[in-house]
Amino acid sequence: MAEILKGVHMADTYSNTFLLLDQRLILIDTGTADAGPRVLDYLKNIRMKPSDLGTIFVTHTHPDHVGGLAAIKAAAPGAKVAAHRIEADFISKKKTYTGPPGAARQTHPGTPVDILLEDGRVQDGLRVIFTPGHTTGSISLLDGTRSLLLAGDAVNNESGLRPMDDRYNVDPKQHRESIKKLAAFTFENLVMGHGSPILGSASKRVQELASGL
Ligand SMILES: [Zn+2]
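Notes on the structure follow. (Residues numbered from 1 in each chain as written. Predicted model: local features only at pLDDT ≥ 70, side-chain atom pairs only at ≥ 80, totals over all residues. Heavy atoms only, no water.)

## Topic: the overall build of the protein
- If you tally the helices and strands in the protein, you get six helices and 15 strands.
- In summary, the protein has a C-alpha radius of gyration of 16 Å against a globular reference of 17 Å for 213 residues, a match within 12%.
- Overall, the protein is about 45 × 35 × 30 Å in size when its C-alpha atoms are taken along their principal axes.
- A total of 213 residues make up the protein; the buried ones form 54% of that total.
- For the protein, the share of sequence-separated contacts (at least 6 apart) that also reach a separation of at least 24 residues comes to 61%.
- For the protein, the accessible area works out to roughly 9100 Å², and carbon and sulfur atoms hold 50% of it.
- Side-chain charges of the protein comprise 24 positive and 23 negative groups, with the mean position of each set lying 2 Å from the other. (Helix = DSSP H or I, 4+ residues; strand = E, 2+ residues; numbered from the N terminus. Rg over C-alpha atoms; globule rule 2.2 N^0.38 Å. Buried < 20%, exposed > 50% of the residue type's maximum accessible area, 1.4 Å probe, protein only. Contact = heavy atoms within 4.5 Å. Areas by Shrake-Rupley, 256 points an atom, 1.4 Å probe, with all protein chains shown as cover. Lys, Arg positive; Asp, Glu negative; His and termini not counted. Charge placed at Lys NZ, Arg CZ, Asp CG, Glu CD.)

The following block contains the structure:
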């Protein structure tokens with residue numbers, strides 16, 4: 001885990017998770033189950049405690065984004081879990097996952113969602129942008145103070161900026177519509193669940209991608 005922008009820390013586990021640190025401490029996504037303890041360890045490195053965690057956002061319910069949630073929530077019982085209302089049911093139910101490929105089959109014990117998000121809502125200074133298609137309730141989050149879009153799996157940057165592989169999108173057409181929706185926003189920096197951050201002129205890159213879809 002490392003600081004990629006002032007107050008923005010990224011852990012590249014199987015999928016990326018992010019800590020935002022200013023007056024509050026916010027976690028965006030929780031990685032696979034084994035990422036939970038790693039995120040908690042990292043808090044020590046930046047002289048924070050689990051009890052400093054205010055809100056844990058889950059961009060969507062895939063196991064590589066929600067897998068670490070139970071362990072983190074157990075260590076930080078005061079932290080509020082926030083997700084789109086469509087994803088909340090899945091997050092709170094016990095579920096066994098297979099895939100995506102490379103990720104071990106895992107059981108997600110189910111964690112209640114405290115804050116039900118909707119498009120346009122501002123929560124902890126982050127604007128919720130509803131970006132369905134990868135899953136039915138996927139969200140992206142816009143941090144205006146850092147000109148940073150946290151896109152979850154709305155885009156992928158593992159080998160160039162592009163949509164997620166359609167094998168993992170519930171609705172590939174809607175996934176592309178969501179990328180076009182993101183292209184209407186202006187932001188310098190972009191981070192996502194899979195692939196490297198784009199630091200500088202990021203919304204131009206998303207516009208280029210969207211115009212080719
Ligand atoms: Zn995903």
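## Observations concerning the sheet that holds strand E3 (residues 16-21)
- Read across the sheet, seven strands follow the order E1-E2-E3-E4-E5-E6-E9 without closing on themselves; strand pairing throughout is mixed. Sheet topology places strand E1 (2-5) and strand E9 (115-117) at the edges, where each strand pairs with a single neighbour. Ignoring strand direction, the axes of neighbouring strands in this sheet form an average angle of 25 degrees.
- As defined by bridge partners, E3 adjoins strand E4 (residues 25-28) across four bridges and the pair is classed as antiparallel. (Pairing = 2+ DSSP bridges. Axes fitted to C-alpha atoms, helices over the stretch in contact; angles between N-to-C directions.)

## Re the coordination of the zinc ion
- Bound to the zinc ion on the protein side are His60 (NE2), His62 (ND1), His134 (NE2) and Asp153 (OD), at distances that span 2.1 to 2.2 Å.
- Each of the four donor atoms bound to the zinc ion contributes to angles spanning 87 to 171 degrees, and the resulting shape is irregular.
- Mapped onto the sequence, the donors of the zinc ion take the spacing H-x1-H-x71-H-x18-D. (Donors = N, O, S within 2.8 Å, 3.2 Å for Na, K, Ca; no water. Tetrahedral: all angles 85-135°; square planar, octahedral: opposite > 155°, others 65-115°.)

## As for the sheet that holds strand E14 (residues 189-191)
- One open sheet holds the six strands; their spatial order is E10-E11-E12-E13-E14-E15, and the pairing between them is mixed. Each edge of the open sheet carries a strand with a single partner, namely strand E10 (122-123) and strand E15 (198-199).
- By the bridge criterion, three bridges tie strand E12 (residues 139-143) to strand E13 (residues 148-150) in an arrangement that is antiparallel. When the bridges of E13 are listed, aspartate 143 appears paired with leucine 148.
- Of the strands in this sheet, strand E11 (126-130), E12 and E13 touch helix H5 (residues 172-182), which is tilted by about 145 degrees from E11.

## Section: H5
- Three or more residues of H5 are buried, namely His175, Ser178, Ile179 and Leu182. In a view along the axis of H5, the buried residues occupy a sector of 105 degrees, so they form one face of it.
- The secondary structure elements touched by the buried residues of H5 are E11, E12, E13 and helix H6 (202-211). (Arc of directions from axis to C-beta.)

## A look at the side chain of serine 138
- Summarising the element assignment, serine 138 is placed in the loop between E11 and E12.
- What makes serine 138 buried here is its relative accessible area of 4%.
- A distance of 2.7 Å separates polar atoms of two side chains, one belonging to serine 138 and the other to threonine 135.
- Those residues within four positions of serine 138 in sequence are excluded, and the remaining contacts are Thr59, His60, Glu87, Ile129, Phe130, Thr131 and Pro132. (Polar contact = N/O pair within 3.5 Å; in protein donor to acceptor, adjacent residues only side chain to side chain.)

Fair warning: the whole summary comes from geometry, so function is off the table for now.
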